[in-house]
Amino acid sequence: MKPKHAQPAAPGPDPYFPNSGDHRYRVHRYEIALDYRPGPNRLAASARLSAVADTALSEFALDLAEFRIGRVLVDGKAARYTHRGGKLRIRPAKALTAGAAFTAEVHYTGNPRPVRSPWGGLGWEELTEGALVASQPVGAPSWFPCNDRPADKATYQVAITTPSPFTVLSGGRLLTRTTRASSTTWVYEQSAPTSPYLVTVSIGNYRPVPLADRPAVPQTGYVPERLVGDFARDFARQPAMMTYFSEVFGPYPFGEYAVVVADEELDVPVEAQGVATFGTNHLGGGWERERLIAHELAHQWFGNSVSIADWRHIWLNEGFAKYAEWLWSEHTGGPAAAVHAAAAHRLLAGLPQDLRLGDPGRRLMFDDRLYQRGGLVVHALRRALGDDAFFAMLRDWAGVNRHGVVATADLLAHASRYTTAPLGPLFEAWLEQPELPPLPELPALPGDEPSGRSGVLGRLGWFR
């Protein structure tokens, strides 16, 4: 039987967010300039998009929240537009032909705030002192006009002007920092293709904390002064984690990695391109915190560099990031991945069996079960392929698709090259059927019995 997911991802509206994005054109660069006043939470901004029309366009749409529009230009000429319901619909003075490159420039002002979603507010969030951006999945329009589709990846230059006492971070390399009077402008360049939801800004009273001397990948924390000691202790193993993940996943896909500890409690940490944001409640040490550090770092490969074609495939992001937690545990002498997988399987066996992982639906796309079951799929692949083939497959998956876009069918095709056994039934059982398959019971993997611990209960105590 041919699995349903074997069909290639077709261009068109995202099935989970059909009102987000416009599939008729592709953006290849954004140049965003923000002037932000934290006190009144006031933003004056402009964004210039360089794009290519995939079809003839007499009009096109950008996603943008309820700002006041100053002017809109297409190829330098004033364009007509309407702006309602989070959509900025633009009609150029001259229609665009298929294949034509064009620029769109939008000037806007207002008070940025999160956009509403089933998971609460998403995007730009005003803090007690400063602001942060956490946009997954559809929060990017809360602060800039964009083609809000995960597959529409572009390079970004982001310039942010704020009062000088604040530190500003965005993804990518800091090009310049210029102070005039009481304001400072920070200009960041993200040269790697980036999905709109993965572009971030953090503004706050932060102290930069280098995480290692002469690391292969520059790693810096941006932390409130009073938490510098806690951060240095809790994130001390991140450089070793970066080294290990670079061995098993392939070279780190970006030029640098930054970690922000916002001076707020956050529900969960959140990944962005080259950046992860944690809350003060995510400090404190222990496995539960360390696994979050591993999870967010792994997203730089899985989700950020290797991005999904649409949100149906979110398990590809979260399943590989979850399995990275288990691999790090195994690598550092904790419970092996098989032990974590067994615990996850027992947990899922006691929960409702109504999640179809390969297409969970919008309601369940961030369900905790998706993360655990996604990790189990990766573990099942490891069992099916064997360690040598599995780790070759994993590294090649991240390498072949570096800065690209994938769907579940692409993983099936890719993994099938590393075995003569058919993988279709495995994918069908784990991804298309809601019932939980049995945990693979194949020959033991190295490290299934971690040294220094005996018995399942002892290992699971560490897991919890």
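Residues numbered from 1 in each chain as written. Predicted model: local features only at pLDDT ≥ 70, side-chain atom pairs only at ≥ 80, totals over all residues. Heavy atoms only, no water.

Caption draft 1: Fine view of the overall build of the protein. Scanning the protein from terminus to terminus reveals 10 helices and 22 strands. Rg of the C-alpha trace for the protein: 23 Å, near the compact-globule value of 23 Å for 464 residues, within the 12% margin. Dimensions along the principal axes, computed over C-alpha positions, put the protein at roughly 70 × 55 × 40 Å. By the burial criterion, 59% of the 464 residues in the protein qualify as buried. Of the contacts formed within the protein by residues at least 6 apart in sequence, a portion of 70% connects residues at least 24 apart. (Helix = DSSP H or I, 4+ residues; strand = E, 2+ residues; numbered from the N terminus. Rg over C-alpha atoms; globule rule 2.2 N^0.38 Å. Buried < 20%, exposed > 50% of the residue type's maximum accessible area, 1.4 Å probe, protein only. Contact = heavy atoms within 4.5 Å.)

Caption draft 2: View of the pairing of strand 11 (residues 154-163). Of all 10 residues in strand 11, nine are buried, a share of seventy percent or more. Looking at chain direction, strand 1 (residues 25-37) and strand 11 are connected through seven bridges and run parallel. Pairing of leucine 34 across the sheet is with isoleucine 160, part of strand 11. Of the strand pairs in this sheet, strand 11 and strand 14 (residues 183-194) are connected by nine bridges, and their pairing is antiparallel. Bridge assignment links valine 158 to a residue of strand 14, and that residue is tyrosine 188. (Pairing = 2+ DSSP bridges.)

Caption draft 3: Structural detail: empty space enclosed by the protein. Scanning all chains against the criterion turns up five cavities of 30 Å³ or more. Approximately 80 Å³ is the volume found for the largest cavity. Residue lining of the largest cavity: Leu348, Leu351, Pro352, Gln353, Asp354, Leu355, Arg369, Arg373, Pro434 and Leu436, and that is the complete set. For the lining of the largest cavity, the residue count by class is six nonpolar, one polar and three charged. Considering only enclosed or pocket space, the second largest cavity measures out at about 60 Å³ in volume. (1 Å grid on protein atoms, 1.4 Å probe; cavity = no way out; pocket = protein on both sides within 12 Å on 5 of 7 lines; lining within 4 Å. Points joined across faces, edges and corners; volume = space filled by probe spheres on them. Nonpolar A, V, L, I, M, F, W, Y, C, P; charged D, E, K, R; others polar.)

Caption draft 4: View of the side chain of arginine 149. With respect to the secondary-structure elements, arginine 149 resides in the loop between strand 10 (130-134) and strand 11. One buried charged side chain, arginine 149, makes no salt bridge at all; its nearest oppositely charged neighbour is aspartate 152, positioned 5.8 Å away. If sequence neighbours within four positions are ignored, arginine 149 has contacts with Gly12, Pro13, Asp14, Ser20, Gly21, Asp22, His23 and Pro196. (Lys, Arg positive; Asp, Glu negative; His and termini not counted. Salt bridge = Lys/Arg side-chain N within 4 Å of Asp/Glu carboxyl O.)

Caption draft 5: Representation of the packing of helix 2 (residues 238-248) against helix 7 (residues 387-400) in the model. For the pair helix 2 and helix 7, the least separation of the axes is 8 Å and the interaxial angle reads 100°. With respect to their mutual orientation, helix 2 and helix 7 come out roughly perpendicular. Contacts between helix 2 and helix 7 involve Ser246, Glu247 and Val248 from the first element and Phe391, Leu394 and Arg395 from the second. Partitioning the contact of helix 2 with helix 7 into residue classes produces three nonpolar, one polar and two charged. (Axes fitted to C-alpha atoms, helices over the stretch in contact; angles between N-to-C directions. Parallel < 35°, antiparallel > 145°, perpendicular 65-115°, else oblique.)

Caption draft 6: Local environment of helix 6 (residues 368-385). A rise of 1.5 Å per residue sets the reference length of helix 6, with its 18 residues, at 26 Å; its end C-alpha atoms lie 26 Å apart and thus fit the reference within 8%. In terms of burial, helix 6 is a largely internal element, 16 of the 18 residues being buried. Two or three places before arginine 369, at the opening of helix 6, aspartate 367 has a side-chain oxygen 2.8 Å from that residue's backbone nitrogen. Glycine 386 sits one or two positions beyond helix 6 and adopts a positive phi of about 85°. (Expected span 1.5 Å × (residues − 1). Polar contact = N/O pair within 3.5 Å; in protein donor to acceptor, adjacent residues only side chain to side chain.)

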